[in-house]
Amino acid sequence: KKLANLTGLHGFVSNKNNGSAANRIKTIFASAPVNVTVNTTNATIQQPLAPPCATVACVTWNLAATSPSSKDAKFLEKLRRHDLVCICVQELEDLKPRRQPGHRAEAWTALLAEKFPAKTHTVVADQSAGPVRLTILQRKRSKLIKVEACTCGDVACGIGNVLRNKGCAAAFLDLKVRYDKTSGSAKLLVISAHLAAHAHKANDRDADFHRICRELLPQMPSQWGSHDLLDCVDCCLFAGDLNYRLDLPRAEAERGALSGDFASLLDYDQLVRRKAQGSAFADFFEGEIRFAPTFKFDQRSSTYDSSKKMRVPSWTDRVLYIPRSSRKKSPELTLASYDSVDTRSSDH
């Protein structure tokens, strides 16, 4: 199983991405090699790294209302060495109304406790919004990053903007970060989201993004500000099943996915196009995609959807980020690598 190399606060960017047609889960990480490649989406330059820097791992995984086994989630163990781990899941449960967490949510909690034992990690945020969940863990022995305060929030984007089959869970983290032989504070916003489904509903996905930004604003800590959500944070991670599709026929998309011609496919990616148009996620960066579309597979298989619906292979699962605010002394969130993980319990 391939894992990405890591993202960091005040780190630098390295893209060493590999993916196969079976790769599913998006990951974003940070690390500290001596020399790395800095990718700013539109340009790539070489830049030396100035360690130490805190490292952050962010994973998004649509569980398709299944309970992954310990073996399915073994890749999470490789994240233990990072200072902060953000785990975003969607479709954790079915949509049955319930007053208590369902058995899948309980099983997921137990699985995370196994992968990140209380002896080594502290849960600093654990927020659910229906079947969407965000869990953030801090490594206890970290000397580079400390969560000083956390506020959680959520937004419903389902039917009538009431049902939580779509929406987000979010955490506002006040961090103390050590870097470049000094220390500073950082306001980090982490969002785990599941946006509107179906290929023809890109406009609805854009609307969900703007609703999330609008509705999270009053839930933000008052000392952070009140005028604009993304202007008030120093760094932001926005991860999830964003559901943007490829505007291509199924056969053409699958041919490109299996042949590894990802660059050509991305010309037809709805999220890439809408970012360029400024209709959604205009301020966000994303790492270079060098792995196969992560949706939709037959479960426990590397075969793209063979059901009657024959869904078009697409990069629905994404991790985007805002690296730094205009505040000059704030730490910078930079990308070390961006990849997917081969695990087969879900259809993502």
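For the structure itself, consult the block above.
Since the model is a prediction, treat every value here as computed from it, not as a measurement. (Residues numbered from 1 in each chain as written. Predicted model: local features only at pLDDT ≥ 70, side-chain atom pairs only at ≥ 80, totals over all residues. Heavy atoms only, no water.)

*Asks:* Explain the pattern of salt bridges here, please?
*Replies:* Pairs can form between side chains of opposite charge once their charged atoms are near each other. In the structure shown here, the tally under the stated rule is 18 salt bridges. Between R139 and D83 there is a salt bridge, with its nearest N and O atoms 3.4 Å apart. In this pair, R139 is assigned in strand β8 (residues 132-139) and D83 in the loop between β5 (54-62) and β6 (84-90), connecting sequence segments 56 residues apart. Classification of D83 by relative accessible area gives buried; the value is 3%. The partner of D269 in a salt bridge is R318, and the shortest N-O contact between them spans 3.0 Å. With D269 in the loop between α5 (262-266) and α6 (270-277) and R318 in strand β13 (residues 317-322), the pair connects residues that are 49 residues apart, well separated along the chain. Among the charged side chains, a network of salt bridges with common partners joins K74, E77, E114 and K115. (Salt bridge = Lys/Arg side-chain N within 4 Å of Asp/Glu carboxyl O. Helix = DSSP H or I, 4+ residues; strand = E, 2+ residues; numbered from the N terminus. Buried < 20%, exposed > 50% of the residue type's maximum accessible area, 1.4 Å probe, protein only.)

*Asks:* Help me understand the environment of L242, please; the structure alone is not making it clear to me.
*Replies:* By secondary structure assignment, the location of L242 is in the loop between β12 (235-241) and α4 (250-259). In sequence terms L242 and R205 are 37 residues apart; their C-alpha atoms lie 7.4 Å from each other. The residues contacting L242, other than those within four sequence positions of it, are A193, L195, R205, L271, F281, T316, R318 and L320. (Contact = heavy atoms within 4.5 Å.)

*Asks:* Honestly, α4 in this entry has me stumped. Any pointers?
*Replies:* Given 3.6 residues to a turn, an α-helix orients residues that are three or four positions apart in the same direction. Among all positions of α4, only R250, A253, G256 and A257 are buried. In an axial view of α4, the angular spread of the buried residues amounts to 140°, which keeps them on one side of the axis. Turned more than 90 degrees away from the buried face of α4 sit R255, L258 and S259, all of them exposed. Turning to α4, the residues buried within the fold contact α5. Just downstream of α4 lies G260, where phi reads positive at about 85°. (Arc of directions from axis to C-beta.)

*Asks:* Before we go on, may I ask you to explain the environment of R133 in this structure?
*Replies:* Mapped onto the elements of the fold, R133 is located in strand β8. By relative accessible area, which is 5% here, R133 ends up buried. In the structure, R133 is positioned 37 residues away from A170 in sequence and 8.6 Å away in space, judged by C-alpha atoms. Not counting chain neighbours up to four residues away, the residues in contact with R133 comprise I87, C88, V89, L92, A105, W108, T109, D126, Q127, S128 and S192.

*Asks:* Explanation requested: the sheet that holds strand β10 (residues 167-179) in the structure shown.
*Replies:* Backbone hydrogen bonds hold the strands of a sheet together, and the pairing may be parallel or antiparallel. If you trace the five strands from one edge of the open sheet to the other, you get β9-β10-β11-β12-β13, paired in mixed fashion. Since the sheet does not close on itself, it has two edges, and those belong to β9 (145-156) and β13, each with one partner. With strand direction ignored, the average angle separating the axes of adjacent strands in the sheet is 15°. The pairing of strand β11 (residues 182-194) with β12 spans seven bridges and is classified as parallel. Bridge pairing in β12 places V190 opposite L237. Those strands touched by helix α2 (residues 202-216) are β9, β10, β11 and β12, and its axis lies near 120° from that of β9. (Pairing = 2+ DSSP bridges. Axes fitted to C-alpha atoms, helices over the stretch in contact; angles between N-to-C directions.)

*Asks:* Please clarify how the side chain of S345 should be interpreted in this entry.
*Replies:* Along the chain, S345 falls in the segment after β15 (337-341). Taking the relative accessible area as the measure of exposure, S345 reaches 6% and is therefore buried.

*Asks:* I tried to follow the packing of aromatic side chains on my own but got confused; where do I start?
*Replies:* Each aromatic ring pair is specified by the distance between its two centres and by the angle formed by the two planes. Within this structure, the stated rule accounts for 14 aromatic pairs. Seen from their ring centres, F172 and W224 are 5.5 Å apart, and the 85° between their planes marks the pair as edge-to-face. One end of the pair, F172, is in strand β10; the other, W224, is in the loop between α2 and α3 (229-232), and 52 residues separate them in sequence. Grouping aromatic residues by their ring pairs yields a cluster made of F209, F238, Y244, F281 and F284. (Phe/Tyr/Trp six-rings, centres within 6.5 Å; stacked < 30°, edge-to-face > 60°.)

*Asks:* Quick question: what am I supposed to make of the nonpolar core here?
*Replies:* General note: in soluble globular proteins, nonpolar side chains tend to be found buried as a group. Counting residues in hydrophobic clusters, the biggest one holds 46 residues, and the most contacted among them are L84, I136, L173, L175, L237 and W315. With six residues, the single largest contributor to this core is β10. Counting 29 residues, the second-largest nonpolar core is a separate cluster that includes C157, C168, I191 and V233. (Core = buried A, V, L, I, M, F, W, Y, C linked by side-chain atoms within 4.5 Å.)

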